[in-house]
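Here is what each chain is made of, one letter per residue.
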Amino acid sequence: VPEPLFRAGFRANKGPEDALSQADTDWSLLLAAAQQGDGAAYRAFLEAALPFARALARRRCPNEAEVEDVVQDSLLTLHRVRHTYEPGRPVQPWLAAIVARRAVDAARRRGRTASRELHDSGAYETFADPASNREEAGDAAQSLARMMAELTPKQKEALDLVKLKEMSLAEASAASGQSIPSLKVNVHRAIRRMRAALGRAESA
Amino acid sequence: VSERRTEALIAAIAADARPVRVLAPPSRRALVTLLPLAAMGGLAIWLLGDMHTLTGRYAGRENMMILELAATLATGLLAATGAFFLAVPGRSRAWLWAPLPPLLLWISLSGMGCWRDLVRHGSTGWRLGESRDCFLFILAASLLLGTPLVWRLSRAAPIEPMRVALLAGLGTAALSAFLLQFFHPFTITFMDLAMHFTAVAIVILIVAVGRRRTLGVG
């Protein structure tokens, strides 16, 4: 393919090139060769461009699984429209447009899924050994800690003594110095507050 | 795991590296598509067009006529050319808006013409003229112009078919409306104008809704 070679060379002679546009020039040559049916050049191009595509996808996707989905969709699309690349032109805007398009599709898909499917957190408790489900336990501890953080020191103390350490009201009163009526009120308020916090967390 | 699958995908794709016919630059593809259509349209105007009534309708305001015709033609050409650019990944998105200025000019100038007639002729300016024929003319001409245009655009298998379809529809309809001016033996009213733009909208809608079938998979 003499023409793109010439054009790329012409561009290279124009001035000092930075690493990015040098990479683009190389990609341009490889992709032009791939259009002519050169499988080795095609593979070299795809492997060289993969990190670029991945970085673009990562900028637009919320998680790694979706990044890889978008990258794979983009590769398939790239293959289908490889005849639309114009030899001699920069590859990166061409490739970026393809990745951007597929990322938009993935986001739409995600929106549809979220609106029609339910998340069953229990479904993740797969293992008979309770210790294997630690991830969930960690979550529970964390949310309990978050709820506890909403309590006043006196409410926390009352809850700790009466409900967690299971002391009688008299023992708890002796241990904390709070009167029995104020212990009752604080336990009651603490539980009500935590219930409200739990409701917020679940509806969020 | 999925990264390894990506590697496998690359190997599979590279193994399928059949030679492809590289698409010419969008500007050249637009030219090659639009020139024969322009020749056809020019021939039709030359053989069948009614220049006398056209100039008669615009008697005393020839500049207005030229401006309105130019705006219509520019809308059509810019939209059709833009469709070729947007059919290829990575080209400027600005093409989507390129036909907007002449489109606004076209709409406002034809609206002004109708307003003038409304003031001069009173309530007859509201009557429905022979716009049914114009309606059918725009649809038929759009079919003739739009089919080769969409067929040529589909070669690029556009990744954003909606944008391409919008521009292709607008371009087709505007070029048809341009042709219509030369086959239009009467003064148009607001109702007629509404009919014209309804036809334009229908053409855009048909191309946009049928984009998957006509332009290939997004």
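Owing to the predicted nature of the structure, the values given are computational and were not obtained by experimental measurement.

**Looking at the overall build of chain A**
In terms of helices and strands, chain A carries 9 helices and 0 strands. For chain A, the sequential pattern of α-helices and β-strands runs α-α-α-α-α-α-α-α-α. Within the span of chain A, comprising 204 residues, buried residues form 34% of the whole. When contacts within chain A are restricted to residue pairs at least 6 apart in sequence, long-range pairs at least 24 apart make up 57% of them. Taken as a whole, chain A presents about 12,200 Å² of accessible surface, with 56% of it coming from carbon and sulfur.

**Thoughts on the interface of chain A and chain B**
In this complex, chain A contributes 34 residues to the contact, which on the side of chain B involves 31 residues. Summing both partners gives a buried area of about 2,800 Å² for chain A against chain B, and 61% of it is carried by carbon and sulfur. Our count for the contact surface shared by chain A and chain B stands at 2 salt bridges. Element by element, the count of residues in the side of chain A that touches chain B is highest for helix α4 (residues 64-80) of chain A, at 8 residues.

**As for the confidence of the model for chain B**
Residues and elements named next belong to chain B. Mean pLDDT over chain B works out to 83, with 87% of the residues at or above the 70 mark. The least confident element of chain B, judged by mean pLDDT, is helix α9 (residues 211-215) at 67; the most confident is helix α2 (residues 26-48) at 93. Here the predicted complex carries an ipTM of 0.82, next to a pTM of 0.70.

**Some remarks on helix α1 (residues 2-15) of chain B**
Spanning 14 residues, α1(B) covers 20 Å between terminal C-alpha atoms, matching the ideal 20 Å at 1.5 Å per step. Every buried residue of α1(B) is listed here: B:T6, B:L9, B:I10, B:I13 and B:A14. One side of α1(B) carries all its buried residues, which in axial view fall inside an arc of 130°. In α1(B), the exposed positions angled more than 90 degrees off the buried face are occupied by B:R4, B:R5 and B:A15. Contacts from the buried residues of α1(B) go to α3 (39-60) and α4 of chain A.

**Brief notes about a nonpolar patch on the surface**
Together, B:L43, B:W46, B:L47 and B:L48 make up a nonpolar patch on the protein surface, roughly 530 Å² of accessible area in all. Assessed through its relative accessible area of 69%, B:W46 is described here as exposed.

**Observations concerning the packing of aromatic side chains**
Across all of its chains, the model carries 6 aromatic pairs over all chains by this definition. Ring geometry for A:W27 versus A:F52: centroids 5.5 Å apart, planes at 65°, classification edge-to-face. Taken together, the residues A:W27 in helix α2 (residues 19-35) and A:F52 in helix α3 connect sequence positions 25 residues apart. Taking relative accessible area as the criterion, A:W27 reaches 8% and is therefore assigned buried. The exposure class assigned to A:F52 is partly exposed, which follows from its relative accessible area of 22%. On the numbers, 4.5 Å between centres and 15° between planes, the contact of B:F85 with B:W95 is stacked. Remark: B:W95 occurs in the loop between α4 (62-86) and α5 (100-121) and B:F85 occurs in helix α4; sequence separation between them is 10 residues. According to the relative accessible area criterion, B:W95 is partly exposed, its value standing at 22%. Put simply, the rings of A:W27, A:F45 and A:F52 touch in pairs and so form one group of aromatic residues.

**Looking at unusual backbone geometry**
A positive phi is found at A:E166, a non-glycine position, where the angle reads about 55°. Tracing the backbone shows A:E166 in the loop between α7 (153-164) and α8 (169-176).

Rules of the game
Residues numbered from 1 in each chain as written. Chains lettered and ligands numbered in written order. Predicted model: local features only at pLDDT ≥ 70, side-chain atom pairs only at ≥ 80, totals over all residues. Heavy atoms only, no water. Helix = DSSP H or I, 4+ residues; strand = E, 2+ residues; numbered from the N terminus. Buried < 20%, exposed > 50% of the residue type's maximum accessible area, 1.4 Å probe, protein only. Contact = heavy atoms within 4.5 Å. Areas by Shrake-Rupley, 256 points an atom, 1.4 Å probe, with all protein chains shown as cover. Buried area = accessible area lost by both parts, 1.4 Å probe. Salt bridge = Lys/Arg side-chain N within 4 Å of Asp/Glu carboxyl O. pLDDT = per-residue confidence, 0-100. Expected span 1.5 Å × (residues − 1). Arc of directions from axis to C-beta. Patch = residues over 30% accessible without salt bridge, like charges linked within 9 Å, V, L, I, M, F, W, Y side chains within 5 Å. Phe/Tyr/Trp six-rings, centres within 6.5 Å; stacked < 30°, edge-to-face > 60°.

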